[in-house]
Amino acid sequence: MGRSYNTIAFDAAKCDGCGDCMTACATAKVGVGDTARSRIQVVGSADDGFELALCRQCGDPKCVTVCPAGALTKDGTSGVIDWSAAKCVDCLLCTVGCAYAGIALDAGTGHVAKCDTCAGAPACVPACPHDALTYITTSRIYNEVGDWEDLFAPGLAGCQGCNTELLMRHTLRRVGPDTVLATPPGCVPGMGSVGFNGTTGTKVPVFHPLLTNTAAMLAGIKRQYKRVGREVTALAIAGDGGASDVGFQSLSGAAERNEQILFMVVDNEGYMNTGMQRSSCTPYGAWTSTTPIGEGSRGIPSQGKTQDAKNLPLIMVNHRCEYVATASTAYMEDLYDKLDKAIQASKVGFAYLHVYSPCTTGWRFPTDQNMEVARKAVETNFVMLWEYTPGEGLRFTRPVDDPLPVTEYLKAMGRFRHLSPDQISHIQGKVVENLAFVKQMVHRASV
Amino acid sequence: MEHTKYLVVGSSHAALEAVTAIRMHDTEGSLTLLTRDTHLPYSPTVLPYVVSGRSAPDGIFLRDEKFFADNHVALKRGKALKALHTERNAAELADGSEIAYDKILLATGAAPAIPPIPGLDQVAYHVLRTLDDATKLNAAIKQSKQAVVMGAGLVGMHAAENLVKVGAKVTIVEMAKQLTDGYFDATAAGLIEKAFTDNGATILTGSRVVKLAPSAIGATLTLENGTTLEADLLLVATGVKPNMDYLAGSPVEHERGILVSDTMQTSVANVWSAGDCAQAKGFFSNAKVMNAILPDATEQGRIAGMAMAGDPGLKKYPGGVPLNTYHFFGRHAISVGSSKAPAGAEVVTRFDEANGRYLKVIFMEGRLLGIYGVNEFFDGGVMCQLILRRVDLSSVKERFVANPLAVGRELMSKLWR
Amino acid sequence: MTTATLETPSQAKPAKQKVILCEGNEAAALGVALARPDMVAVYPITPQSSLVEHVAKLIADGRMDADIVDAEGEHSVLSVLQGAALAGGRTYTATCGPGLAFMFEPYFRTSGMRLPIVMSIVTRDGITPQSVWGGHQDAMTVREVGWVQLYCETVQEVLDTTVMAFKIAEHHDVMLPVNVCLDGNYLSYGTSRVELPGQAEVDAFMGVKDVNWHVALDPLRPMAVDPLTGGSGGKGPSTFVRYRKGQCRGMQNSLRVIEEIHEEWAQRFGRRFAPLVEEYRLDGADYAIMTLGSMTGAAKDAIDEARDAGKRIGLIKLKTFSPFPVEALLKSLKNVQALGVVDRSVGFRWNCGPMYQETMGALYRLGRHIPSMSFIGGLAGADITVGHFHRVIEATEKLMTGPAPTEPVWLNEKD
Ligand SMILES: Cc1cc2nc3c(=O)[nH]c(=O)nc-3n(C[C@H](O)[C@H](O)[C@H](O)COP(=O)(O)OP(=O)(O)OC[C@H]3O[C@@H](n4cnc5c(N)ncnc54)[C@H](O)[C@@H]3O)c2cc1C
Ligand code: SF4
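Quick summary incoming for the structure in this document. Fair warning: this is a prediction, and the values are worked out from it, not measured in the lab.

Re the overall build of chain A
Inference 1: In terms of regular secondary structure, chain A is built from 16 helices and 18 strands.
Inference 2: Whereas a compact globule of 447 residues would reach a radius of gyration of roughly 22 Å, chain A reaches 25 Å, a difference of no more than 12%.
Inference 3: The proportion of buried residues among the 447 residues of chain A is 55%.
Inference 4: Taking the intrachain contacts of chain A between residues at least 6 apart in sequence as the baseline, contacts between residues at least 24 apart amount to 67%.
Inference 5: Carbon and sulfur atoms make up 53% of the accessible area of chain A, which amounts to about 17400 Å² in all.
Inference 6: The positive charge centre, built from 40 side chains, and the negative charge centre, built from 44, are 6 Å apart in chain A.

Structural notes on the overall build of chain B
Inference 1: Regarding its fold elements, chain B presents 10 helices and 24 strands.
Inference 2: The C-alpha atoms of chain B give 22 Å as radius of gyration, which agrees with the globular expectation for 417 residues (22 Å, within 12%).
Inference 3: With the C-alpha coordinates of chain B rotated into their principal frame, the extents come out at 65 × 60 × 35 Å.
Inference 4: Counting across all 417 residues of chain B, residues that qualify as buried make up 57%.
Inference 5: Long-range pairs, those at least 24 residues apart, make up 62% of the contacts in chain B with a sequence separation of at least 6.
Inference 6: Charged side chains in chain B number 42 positive and 43 negative. The centres of these two groups are separated by 3 Å.

Some words on the arrangement of the chains
Inference 1: Here two pairs of chains make contact, and the pair sharing the most contacts is chains A and C.
Inference 2: Separated throughout, chain B and chain C approach each other most closely at a C-alpha pair spaced 35 Å apart.

What to know about the site of ligand 2
Inference 1: Residues in close proximity to ligand 2 total 13 residues, the closest being Cys67(A), Cys88(A), Cys91(A), Leu92(A) and Cys94(A).
Inference 2: By residue class, the composition of the shell around ligand 2 is 12 nonpolar, no polar and one charged.

Regarding the state of the cysteines
Residues and elements named next belong to chain A.
Inference 1: Applying the stated rule across the entire model yields zero disulfides over all chains.
Inference 2: The closest cysteine sulfur to the non-disulfide-bonded Cys-63 is located on Cys-55, 6.3 Å from its own sulfur.
Inference 3: Among the cysteines around Cys-187, which has no disulfide bond, Cys-359 carries the closest sulfur, lying 6.1 Å off.

What to know about the sheet that holds strand E13 (residues 320-322) of chain C
Inference 1: Here seven strands make up an open sheet; going across it, the order is E3-E2-E4-E5-E7-E6-E13 (chain C) and the pairing mixed. Both edges of this open sheet fall to strand E3 (67-70) and E13 of chain C, since each of them pairs with a single strand only. When strand polarity is set aside, the average angle formed by the axes of neighbouring strands in this sheet is 20°.
Inference 2: Across the sheet, helix H8 (residues 214-227) of chain A is in contact with strand E2 (39-42) and E3 of chain C; its angle to E3(C) comes to roughly 155°.

Description of the interface of chain A and chain C
Inference 1: Contact residues are listed per partner, giving 38 residues for chain A and 45 residues for chain C.
Inference 2: Considering only the surface of chain A that becomes buried against chain C, Asn197(A), Gln224(A) and Arg227(A) emerge as the three largest contributors, covering 22% of it.
Inference 3: The interface formed by chain A and chain C contains five salt bridges.
Inference 4: In this structure, Asp38(C) and Arg227(A) form a salt bridge, with 2.8 Å as the shortest nitrogen-oxygen distance.
Inference 5: Summed over the shared surface of chain A and chain C, the number is 16 residue pairs in polar contact (both at pLDDT 80 or more).
Inference 6: Elements supplying a minimum of two residues to the side of chain A that touches chain C: strand E9 (179-182), strand E10 (206-207), H8 and helix H10 (248-256) of chain A.
Inference 7: At nine residues, the largest contribution of residues to the side of chain A that touches chain C is made by H8(A).

Some words on the site of ligand 1
Residue and element names in this part refer to chain B.
Inference 1: Taken together, the neighbourhood of ligand 1 is formed by 34 residues, with Ser-12, Thr-45, Leu-81, Arg-129 and Asp-276 sitting nearest.
Inference 2: A distance of 3.3 Å separates an oxygen atom of ligand 1 from a polar backbone atom of Ala-110.
Inference 3: Backbone polar atom of Leu-294 to an oxygen atom of ligand 1: 2.8 Å apart, as the coordinates give it.
Inference 4: Here ligand 1 has 990 Å² of accessible area as a free molecule, and 94% of this is covered by the chains.
Inference 5: At the level of elements, helix H1 (13-25), helix H7 (294-309) and strand E20 (323-328) are the ones that each hand at least two residues to the shell around ligand 1.

Focus on the packing of H8(A) against helix H3 (residues 74-86) of chain C
Each packed pair of helices is defined by two parameters, the angle between the axes and the distance between the axes.
Inference 1: Packing of H8(A) against H3(C) brings their axes to within 6 Å, and their N-to-C directions diverge by 40°. As far as their axial angle goes, H3(C) and H8(A) are oblique. The two elements H8(A) and H3(C) meet at a crossing, and its hand is right-handed. Within the contact between the two elements, H8(A) uses Ala216(A), Met217(A), Ala219(A), Gly220(A), Ile221(A) and Gln224(A) and H3(C) uses Ser76(C), Ser79(C), Val80(C), Gln82(C), Gly83(C), Ala84(C) and Leu86(C).
Inference 2: Taken together, the residues of the contact of H8(A) with H3(C) sort by class into seven nonpolar, six polar and no charged.

Conventions adopted
Residues numbered from 1 in each chain as written. Chains lettered and ligands numbered in written order. Predicted model: local features only at pLDDT ≥ 70, side-chain atom pairs only at ≥ 80, totals over all residues. Heavy atoms only, no water. Helix = DSSP H or I, 4+ residues; strand = E, 2+ residues; numbered from the N terminus. Rg over C-alpha atoms; globule rule 2.2 N^0.38 Å. Buried < 20%, exposed > 50% of the residue type's maximum accessible area, 1.4 Å probe, protein only. Contact = heavy atoms within 4.5 Å. Areas by Shrake-Rupley, 256 points an atom, 1.4 Å probe, with all protein chains shown as cover. Lys, Arg positive; Asp, Glu negative; His and termini not counted. Charge placed at Lys NZ, Arg CZ, Asp CG, Glu CD. Near = heavy atom within 4 Å. Nonpolar A, V, L, I, M, F, W, Y, C, P; charged D, E, K, R; others polar. Disulfide = S-S within 2.5 Å. Pairing = 2+ DSSP bridges. Axes fitted to C-alpha atoms, helices over the stretch in contact; angles between N-to-C directions. Buried area = accessible area lost by both parts, 1.4 Å probe. Salt bridge = Lys/Arg side-chain N within 4 Å of Asp/Glu carboxyl O. Polar contact = N/O pair within 3.5 Å; in protein donor to acceptor, adjacent residues only side chain to side chain. Parallel < 35°, antiparallel > 145°, perpendicular 65-115°, else oblique. Left-handed = near helix turned anticlockwise from the far one by under 90°.

This is the structure:
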């Protein structure tokens, strides 16, 4: 299997063209802050906004193929396209080969120059005062896990565009074969995790617990294996309804007893598998099939759910679990970190991972927008990514200091289409309040 | 008889790209790479630097033995294709042996074209296409006091610069009215010419050698106007011709080069051709043209390889766009696209004579047709995409001409980054 | 293997057993300890509480090596045990009344998954009216869910049956959960002399534990447990039907296995309990009464007195209530001319006691009509006295000559 590499990502929306990245690059690479000599080039665009020219360290690099001198080579380990001063003959053919202006003439030396990611610590990234540049190191996931066995059957029957399959495959790969997997009724077994009529959807032992007793059954399994001295991971991949509503008692009980379980909740904010009904995790104002939109009676229109969502992960924090975290598939690296920690924590006690999982079908957005919706949830602080351990307290793993207005999130999907201005301001107010609440917990952790 | 699924003839840019493309899709199918050269693969383009001594002859190889072993490629060096027997899918080699193939790629490139001038066959002269040519020339220039270069194309100009730099008295004889014709206009050529004459070279454009004869130091050249030139080193760089003699008697259609479709297929179904020996669609006209440049060789090689392996990702060849970069006496010239302005074209030039900076941009109906500059750096690859994608530049034309580097990057970032 | 231990034990005479004095809940706890379960999950409820307290103490004192899970409710109690059983553990719990009602969701599923879990029901009447006292209403309410249900008469029988229950449940021909029912108040708190079998002897009796050979959640034998079945096409419906049939077959097999294991118990430990149906002074009886559980003691006294008075009366007691031992019961009823059935719970639908209702079903197979009637007594902890049983005997005797009433007789209505 091939390798995956780290990369520098640019978010044009955050860039204000200050050029600090270019100064940092030129300083790091040629010792002077001359932005013209930077290997990352931010260019002002005619309209507003800024554009970027930077080596993409292509997988199939044109510059390498056109170099007649063998001066350019792709490093199989780092993925960086290296330039050899000793071999280069200054022919500039590479600049003609590259369609992205990723390699260009440095007038100061007369040679071509290109980004080398500063050996994995790019100077430009921390120099950006607006976080417009990020060094994405998600590749480690692929490199580490890519060759591991996918323990789910191919061709799970999920809705188009659903991210839960991604979550299932990644999680199980990570957890490995010495696992017993509980998938309570919901989208996960709906996709076929437990199979149909005697088939199975996974290569690990898997079962349907009741919607109500996932944590309890896993506790029994885990304890029995512990008793006979076997190391087996007890894993749940559960929906939000089963966890926050009818299954909450067993979840809470198992957490209180600090059972050694890894409990992952895939929060699609409702009973999506049974036809998109409301759960206690459904947010205020959302359309569901049991909080429909209508004229209502006595002059009060029916405008979606009238209560705010239950914040299950915070409730789990109050169980002082070994580990509690929120995650999003739009931030896989963060998710992976947390998965690793949760796996470790589950060897000692209860680990709870709450993954926000946009539902294309139930939330009503185009099937290619899942990651975008997930990302917007975080960027607006509608969803906050944090982790908690009893020792370290609670901390944000991806703080969003300058959140987008919540409307950016709401307008991305149909379930909020009907919202009145009052409802929107209620939701925005709730976002602010939730943030303040969690921040207070962060503060408590730091004193 | 030896049999291989893929037989690739040639070991230069087109051939190597084809190998990569085949292996991308078919990791196991037997693949043989045949070249008449005895060395590991290298690029003819790097040879001027071997001549000048800047590149070590053993440091220019594009692949090593390990690459071929890792990719299960049987590399046969020093084996020339002599004849192609398409009726029985067999390649006959110069040593008389034959290799049967399922699919064959002809990537045999080009060789120097030797003009039919009386007496040329009587005198000693150099050409530059192979590594052996280059090492010979490298040794020769060190001895040369008085050299003549026939042909002011990029090959000839490179060699002339090398000779100037070792202190020889150099005369360049060019038939056309300007040097580097076909890539640069008279103004740009003038800048190049000036750099050479400033460094002591003599350039005779519009001159034709009509006769050669051996002389005490080497050769005497007689020009059309009767002038004679003495040369202790003569380099013939008057152009290239494709290597395709082996097609004699085969049904593979060829004109100036081997005629290929836009997936590099020849008139015979399981025979492909790419690179300097192929005659493929041009981008600006649908006529089949010779576009004997390195980037096109790689592009064509890749397409041929994908087509041969049946890669479903295959995209058709968009047509050759002329591209060139040229480095001379510390200056550079870059040319992308058409260098000639057809009727109806809009030509914008910028010339800073004092600093030797020149830019010429050719638009057709708001779209870029060609751009070239001397000592004016822009991203050739970006320009090429603007041409290939036929991007409408009407609204940014002025900004573009003022700063093709920044505006080109901006457009790139917006349109295809 | 369970079957392998069915050979006749080597010692002809049972080993001498320790005699102790204890209440029924403690006897149950001691029986559990002797069976060496891996996991016990508990949640307290009256009148079961002292049972789990005894279990907890036995574990705390190191007299029992089991993992104890103090779950947050009965629903989780049984769920934890399901998990442990699927991972290969021998498991036990106890509950009653509202706890059993709360447990119903996993309770239903336990038999479907064929998990040999043993659970005592320290029987309690159903609420509402609010009550914390004994009665069979709880166990009767779940009689139709595929568990084997055994009712005990004495504290000694509680102990012995608790041990036997594990072996019955885990028998490869059965693989079903078993309820050991002991009357709340009367057996749970009733103290009596009990012989305590030795651990080594019980170990020999139990044989090798093998509880998840048929269904497991084990990474060494990965399988999907309980994939979706049913629907109206493909393999779905037949898969479900075969499954259900298998459960019913297991229930029927248990009738034989219960007998075999009681026989083995008698041989090894010298105590013989009627496994399915007990006949008491039925020889030469023209009519009979039927009882269940601890009320049988008083009933037997009344029978003795009636016999002394010359009445041709006998007694039939059920031990195995689920599966309903139709054949054994019909055999006992062979010469009976009239029958009175005493229940300690209510069958709302038929306006009679549940055991009476079930017996009526069995009587249909008898091939001749015998008059019968239903008595309901002992609800919410009420005592069914010898006096009450004399009323039962008299009313049953009258059936031989007069008409059979369609209404049940409510024994404690006027107490
Ligand atoms: C001195 C010089 C400078 C150049 N500078 C530039 C430049 O600046 N920019 C640019 O774009 N291009 C330049 N070129 C042109 C460029 O090198 C070619 O376009 C390019 O190498 C073409 O690649 P190719 O694979 O088609 O063929 P070639 O590179 O010509 O390779 C042909 C291969 O086929 C083999 N071969 C030939 N005949 C046979 C046979 N009968 N049997 C077996 N093998 C055979 C040869 O040994 C060789 O391996 C330059 C060329 C030269 C000579
Ligand atoms: S400028 Fe240097 S690196 Fe670029 S193609 Fe030429 S030799 Fe290669």
